[in-house]
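Chain residues, written in single-letter form:
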Amino acid sequence: RSMEVQLTDFENAAFTVFVVLVSRVILAFDLNLYIPLSKVDENMARAHGEGAAHASKFFFRKHMAPPVDGSRNPDGYEEMSIVEILNGKGDYFPGLIPLIYAYLDSIECDDETYARVSTYMEFIRKRASGELLTPAQWMRTFVTEHPDYRGDSVVPESVAYDLTRACVDIGEGRRHEPELLGDVRVPELRTDDAWYIPLRTPSIQGDDRESLLARYAGRVAAAKARRDAESGGRASKSGT
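Here the structure is a predicted model, which means the values were calculated and not measured.

## Let's talk about unusual backbone geometry
At step 1: The backbone of D30 sits at a positive phi, close to 55°, despite the residue not being glycine.
At step 2: Following the sequence through the fold, D30 ends up in the loop between α1 (9-29) and α2 (37-47).
At step 3: Of the residues examined, D30 reaches a relative accessible area of 65% and is grouped as exposed.
At step 4: Non-glycine residue E108 carries a positive phi angle of around 55°.
At step 5: Along the chain, the position of E108 falls in the loop between α5 (96-106) and α6 (111-129).

## Observations regarding the pattern of salt bridges
It is possible for side chains of opposite charge to pair when their charged atoms get near one another.
At step 1: By the definition in use, this model includes 15 salt bridges.
At step 2: For E11, the salt bridge identified is with R127, shortest N-O distance 2.6 Å. Linking E11 in helix α1 with R127 in helix α6, this pair joins segments that are 116 residues apart in sequence.
At step 3: For E11, a relative accessible area of 0% puts it in the buried group.

What counts as what
- Residues numbered from 1 in each chain as written.
- Predicted model: local features only at pLDDT ≥ 70, side-chain atom pairs only at ≥ 80, totals over all residues.
- Heavy atoms only, no water.
- Helix = DSSP H or I, 4+ residues; strand = E, 2+ residues; numbered from the N terminus.
- Buried < 20%, exposed > 50% of the residue type's maximum accessible area, 1.4 Å probe, protein only.
- Salt bridge = Lys/Arg side-chain N within 4 Å of Asp/Glu carboxyl O.

This is the structure in C-alpha cells:
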C-alpha cells in the first residue's frame, strides 16, 4: 500500500529511499519475505493501535533466505518489533537496514550518497525505537497540550487552526520540532527563485479548442496505426 505523506520533504525522501532500497535488496539477494496472508491482516490490525510503530510487535519471516541449518523451518515466522525488523534479531535475522548497507557496499556506492542514505536510515530507526515521535504522536501531543483543549475528545476550531498552521510551518522549514525530526533541520522554503505559474480560469474556446483537439486526435490515430503495423509485422514473421 502507499505510505501516508509526511510533514516534510525530508521524511518523504527518507521513507521513499528506504522502500526503494529494500526492493533492490530483495532482488539483489533473492530474498523471500512471504508470510501467510492471515498474518498480514493481523499486522494491519495491530498497526492501527496507538504507538504501534515502537510499542507493537508484528509477524515477520524469520529466514529471508534458506537457513544453512537444515533443521530450521525455512518458512518460519515470528513476532518482531519494528526495531528488530530494521536492525536484526538473534543470529538468524540480519535486519533490513544492515542488508541495505551490504547492498550499498556491493554496488560501491559513493561516499556522498552513502552518507545521505545513512542519515535517512538513522532517522527511520529512531522513529521505530521511539526516540523520535511519529507525526501521529506529535499531533496527538499538540492537541492534548493545547490550552483550548478540554480533554473531551472534541477538537475546537482554534486547536485545529493552530495545528494546521504548525504543520505548514514545519513542512516549509519555519518551525523546527526536535521531538519529530531530531537534529535534522529542514531548510526554509523559498519562492523567490521558484518557477510558478498559477492555474488560469479562462477556458479554451473556438478555433483554438478545435485545433488542439484535432492535433491530439491525430497523435492518437498515428500511434494506433504504428502499433497495428508493428503487430502485423510480427504476426507475418511468426507465420513464416
